[in-house]
Amino acid sequence: MTKIRAILISIILVAGIANGLKALNWEWERRSDPDLVGEQERRHSPIRLDSQLPATVSYAGDPDALEHGDRAGFRLLQYTVAPILVSDRLDQEWLVWRGPDPKAGEEALRGFTLSRKLGDGLYLYHRGEP
Amino acid sequence: MISVFLVSGLLPLLFGWLWLGLLARPRDLPSLLLFLGLSYGIGLGLLSSAFFPWMMIAGPAAKGFTLVVFGAAILAVLLLRRKYRPETWTALPDSSPSSGLVIALTLVLLAIAAALFLFEMKRQPHGGYDAWAFWNMRARFLFRAGDSWPRSFSWRTTHNSYPLLLTSSQVLAWNTLGRESLAVAKWIAAGFAASTLAALTGSLSLLRGKSRAWLGAGLLLCQPFFVIHAASLYADVPLGFYFLATFVLVAIHDDCPGRGRLWLFLAGMSAGMAAWTKNEGVIFVLAILGARVLTRLTGRRLRALWCEGILFAAGLFPWFAMNLYFRLSLPDKAPPIPGALATAGLSLYQRVTDPLRHWIILKSFFREILWSPAFSYLGPGILLLLFAAAFWRRQPSSWSWRCSVFALILLLLGYYGAYLLSSHDLDWQLRFSLDRLLLQTWPSMVFLALLRNNSAPQSAQSK
């Protein structure tokens with residue numbers, strides 16, 4: 001290897017090491033910053049991603065929110081209680097309600113009992129009497 | 001943990017080994033690296049692809065897949081072994097020994113890469129946004145949903161028509177284990193990153209000698225985004241592996257005229273697996289086919305084009321058919337969105353002829369390729385220019401090399417066109433995807449840059 005070639009190759013690899021150290025520093029800062037540590041654990045905590053929620057649920061909610069197919073609503077549902085598939089029909093054992101606090105006497109909720117609140121504007125219901 | 005490693009790391013490796021062993025036999029460590037790298041990626045691709053028809057017939061939760069497929073593969077390989085004589089692979093002897101400084105700096109880069117991978121895995125245990133929002137989530141849907149599994153492709157789920165190589169490989173591993181484990185996705189990510197490195201260094205050893213192999217490993221790791229992104233559990237590093245594997249297999253075939261044409265069949269399979277990993281893989285298939293056809297036509301080598309094309313197409317066909325069947329049968333279509341909303345108010349003609357869109361895309365490409373992409377002081381373009389300055393020689397490049405570079409250029413032009421025609425907000429889309437798209441091509445860029453000149457004697461080529 002000629003001298004010039006060796007110098008150029010060394011410059012490339014040293015630049016690569018500098019790139020790597022910059023990235024390591026970036027990673028380290030995010031590890032030691034208390035606001036960022038475990039950011040993902042909070043946003044997509046194992047409780048949400050790995051909980052044994054029902055595999056398939058019916059989905060209903062505030063008519064205004066559900067208008068036009070409410071794609072955003074379904075996505076919200078995915079992102080907050082991730083492993084749930086949604087069904088258009090109200091034929092499942094479990095039902096997720098999206099929207100403001102469900103009012104008593106909602107047609108879609110007849111025969112269902114509130115199981116728990118999943119997140120803001122998201123409620124999980126189970127078919128059957130309390 | 002050991003069972004997860006066995007299922008998501010060792011099983012695909014063994015499966016690929018079985019098939020690749022029909023064609024090649026490594027004789028030293030560098031060629032063993034190539035063999036292992038290709039075995040893992042191709043083995044996982046084959047298993048995952050075979051799982052799709054299984055899923056369609058019996059459902060994703062049906063047991064016994066691994067046993068059936070391995071049994072059939074062992075039987076097939078035993079029958080085929082008499083027909084094929086594997087060629088021996090050895091690293092090409094170097095004209096000058098590898099520089100100690102290059103080896104030392106590459107080892108430092110390797111240590112940094114390993115640390116970055118572990119840090120990123122620890123920081124984002126569920127991977128980046130795309131990983132938990134659809135790649136891994138669809139796998140959960142398929143594994144948990146029982147008879148409702150086709151609903152995993154409802155238009156309401158994100159990117160419901162994305163191909164299934166990664167998703168199926170996770171479901172298949174969970175199916176074999178009998179339970180879900182996040183570690184499966186991590187082992188697969190680690191497997192593809194290591195396979196890319198192994199295939200790159202091994203192929204350069206085989207075709208250009210060990211000193212190029214060390215340089216190749218160093219150059220690949222000069223972009224830390226490669227390992228950080230691998231750890232984020234996205235599909236871009238696996239896709240980049242299949243791009244590289246296709247170029248490597250084509251180069252192995254073209255390197256020696258007497259070599260068996262089955263390498264082209266394998267290259268077609270690898271290109272098909274790329275298309276089964278991500279939609280960009282379809283652009284890659286068109287780019288590599290286009291480059292081979294156009295360069296053969298200009299050279300008027302139509303007979304050679306026909307012989308090669310048939311084998312490449314035969315390798316590609318099962319994945320083409322599977323992709324088509326998947327897209328026509330599973331993902332349901334969303335209700336139409338009003339035209340003006342769907343296209344951001346711009347017609348196709350307006351999008352293509354708007355100079356501002358061209359300027360925005362060119363500026364972003366320039367910044368990402370040449371200057372400073374994520375986590376870097378110096379971008380890949382600058383590094384490759386420095387490398388070209390060091391190694392450029394006035395000697396004609398081979399037809400095969402020019403053809404592969406042409407394919408890479410066509411691929412980048414395809415990405416450019418996709419941005420130009422995109423109906424999404426252009427600035428947003430460039431910001432969140434261009435670095436990943438260019439990362440897919442980085443291992444192939446390094447491979448082709450180091451493949452150009454042959455500084456080693458053309459002797460002890462494998463036969």
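The structure presented is a predicted model; accordingly, all values stated were derived computationally and were not measured.

*Asks:* Can you break down the overall build of chain B residue by residue, with the values?
*Replies:* Secondary structure assignment for chain B yields 19 helices and two strands. Here chain B has a C-alpha radius of gyration of 22 Å; the compact-globule value for 463 residues is 23 Å, and the two agree. The dimensions of chain B, computed from C-alpha atoms along their principal axes, are 60 × 60 × 50 Å. Among the 463 residues that make up chain B, the fraction classed as buried is 58%.

*Asks:* If you had to explain the overall build of chain A to someone new, which residues and values would you point to?
*Replies:* Secondary structure summary: chain A contains five helices and five strands in total. Ordered by position in the sequence, the α and β elements of chain A form the string α-α-α-β-α-α-β-β-β-β. The long-range fraction of contacts in chain A, counting pairs at least 24 apart against all pairs at least 6 apart in sequence, stands at 59%. For chain A, the accessible surface area stands at approximately 7,100 Å², while carbon and sulfur atoms represent 56% of it.

*Asks:* Outline the layout of surface pockets, listing residues and values.
*Replies:* Sizing a probe to match a water molecule and rolling it over the atoms shows the empty space that remains. All names here are of chain B. Considering only enclosed or pocket space, the second largest pocket measures out at about 850 Å³ in volume. Along its surface, the second largest pocket is lined by 33 residues, and L33, L110, A194, L197 and A198 are the ones closest to its centre. Of all the elements in the fold, those that place two or more residues in the lining of the second largest pocket are α1 (2-20), α2 (29-58), α4 (100-123), α7 (182-208), α8 (210-221) and α9 (225-231). Sort the elements by how many residues they give to the lining of the second largest pocket and α7 lands first, with 10 residues. Of the residues contributing to the lining of the second largest pocket, the split by class is 25 nonpolar, seven polar and one charged.

*Asks:* Mind laying out the side chain of N175 of chain B, listing which residues take part and the relevant values?
*Replies:* Residue and element names in this part refer to chain B. Mapped onto the secondary structure, N175 falls in helix α6 (residues 165-177). Polar contacts involving the side chain of N175 include one to the main-chain carbonyl oxygen of P60, which spans 2.8 Å. Filtering out sequence-adjacent residues up to four positions away, N175 remains in contact with F51, P60, A61, A62, K63 and F143.

*Asks:* Can you explain the state of the cysteines? Please cite residues and give values.
*Replies:* Defined simply, a disulfide is a covalent bond joining two cysteines at their sulfur atoms. A full pass over the atoms with the stated rule returns zero disulfides over all chains. Free cysteine: C307 of chain B, not disulfide-bonded; nearest cysteine sulfur from C403 of chain B at 16 Å.

*Asks:* Requested: an account of a positive patch on the surface, with residues and values cited.
*Replies:* All names here are of chain B. A grouping of R25, R27, R81 and R82 is seen on the molecular surface, where their side chains present a positively charged patch. Among the secondary structure elements, R81 is positioned in the loop between α3 (65-80) and β2 (87-89). Note on R81: relative accessible area 57%, which makes it exposed.

*Asks:* Which residues make up unusual backbone geometry, and what are the values?
*Replies:* Positive phi, close to 65 degrees, is recorded for L233 of chain B, a residue that is not glycine. You can see L233 of chain B is positioned in the loop between α9 and α10 (236-255).

*Asks:* Go over the environment of L23 of chain B, please, and point to the residues and values.
*Replies:* Topologically, L23 of chain B is positioned in the loop between α1 and β1 (24-26). The spatial distance from the C-alpha of L23 of chain B to the C-alpha of G260 of chain B is 8.7 Å, given a sequence separation of 237 residues.

*Asks:* Any details on the packing of aromatic side chains? Residues and values, ideally.
*Replies:* The relative placement of two aromatic rings is captured by the distance of their centres and the angle of their planes. Residue and element names in this part refer to chain B. For the coordinates displayed, the defined rule picks out 26 aromatic pairs over all chains. Between F192 and Y242 the ring centres are 5.7 Å apart and the planes differ by 65 degrees, which places this aromatic pair in the edge-to-face class. Residue F192 is located in helix α7, and its partner Y242 is located in helix α10; the two are separated by 50 residues in the primary sequence. Assigned by exposure class, F192 and Y242 land together as buried.

*Asks:* Give a detailed account of empty space enclosed by the protein, specifying residues and quantitative values.
*Replies:* All names here are of chain B. All told, the structure shown has six cavities of 30 Å³ or more when counted by the stated rule. Of the voids in this model, the largest cavity is the one considered here, and its volume is about 140 Å³. E368, P380, D435, L438 and L439 are, among the 12 residues lining the largest cavity, the residues nearest its centre. Elements with a minimum of two residues in the lining of the largest cavity: α16 (355-369) and α19 (426-451). When residues in the lining of the largest cavity are grouped by element, the largest group, six residues, is from α19.

*Asks:* Give me the nonpolar core: which residues, what numbers.
*Replies:* Formed by 156 residues in total, the largest nonpolar core has its most connected members in I9 of chain A together with W89, W263 and F447 of chain B. Excluding residues that lie within four positions of it along the chain, F447 of chain B makes contacts with L200, S203, L204, L207, L244, F247, V248 and A251 of chain B. Membership of the second largest hydrophobic core comes to seven residues, among which are L95, A108, L109 and F112 of chain A.

*Asks:* Before we move on, can you summarise the side chain of N323 of chain B with the specific residues and values?
*Replies:* One can find N323 of chain B in helix α13 (residues 302-329). Excluding anything up to four places from it in sequence, N323 of chain B contacts P163, A275 and W276 of chain B.

*Asks:* Could you give me a rundown of the confidence of the model for chain B, with the residues and numbers involved?
*Replies:* The predicted coordinates of low-pLDDT regions are not to be read in fine detail. Residue and element names in this part refer to chain B. Overall, the predicted model of chain B reaches an average pLDDT of 86, with 93% of residues at or above 70. Contacts from residues 456-463, a stretch scored under 50 in pLDDT, to residues over four places away or in other chains number 24 contacts. Across the assembled chains, the prediction reports ipTM 0.85 with pTM 0.87.

*Asks:* Go over the pattern of salt bridges with me, naming the residues and quoting the values.
*Replies:* Residues and elements named next belong to chain B. This model, assessed by the stated rule, comprises 10 salt bridges over all chains. Close ionic contact of D254 with R292 constitutes a salt bridge, the shortest N to O distance being 2.9 Å. Placement of the pair is D254 in helix α10 and R292 in helix α12 (residues 280-298), with a sequence separation of 38 residues. Owing to a relative accessible area of 10%, R292 belongs among the buried residues under this scheme.

Calculation notes
- Residues numbered from 1 in each chain as written.
- Chains lettered and ligands numbered in written order.
- Predicted model: local features only at pLDDT ≥ 70, side-chain atom pairs only at ≥ 80, totals over all residues.
- Heavy atoms only, no water.
- Helix = DSSP H or I, 4+ residues; strand = E, 2+ residues; numbered from the N terminus.
- Rg over C-alpha atoms; globule rule 2.2 N^0.38 Å.
- Buried < 20%, exposed > 50% of the residue type's maximum accessible area, 1.4 Å probe, protein only.
- Contact = heavy atoms within 4.5 Å.
- Areas by Shrake-Rupley, 256 points an atom, 1.4 Å probe, with all protein chains shown as cover.
- 1 Å grid on protein atoms, 1.4 Å probe; cavity = no way out; pocket = protein on both sides within 12 Å on 5 of 7 lines; lining within 4 Å.
- Points joined across faces, edges and corners; volume = space filled by probe spheres on them.
- Nonpolar A, V, L, I, M, F, W, Y, C, P; charged D, E, K, R; others polar.
- Polar contact = N/O pair within 3.5 Å; in protein donor to acceptor, adjacent residues only side chain to side chain.
- Disulfide = S-S within 2.5 Å.
- Patch = residues over 30% accessible without salt bridge, like charges linked within 9 Å, V, L, I, M, F, W, Y side chains within 5 Å.
- Salt bridge = Lys/Arg side-chain N within 4 Å of Asp/Glu carboxyl O.
- Lys, Arg positive; Asp, Glu negative; His and termini not counted.
- Charge placed at Lys NZ, Arg CZ, Asp CG, Glu CD.
- Phe/Tyr/Trp six-rings, centres within 6.5 Å; stacked < 30°, edge-to-face > 60°.
- Core = buried A, V, L, I, M, F, W, Y, C linked by side-chain atoms within 4.5 Å.
- pLDDT = per-residue confidence, 0-100.

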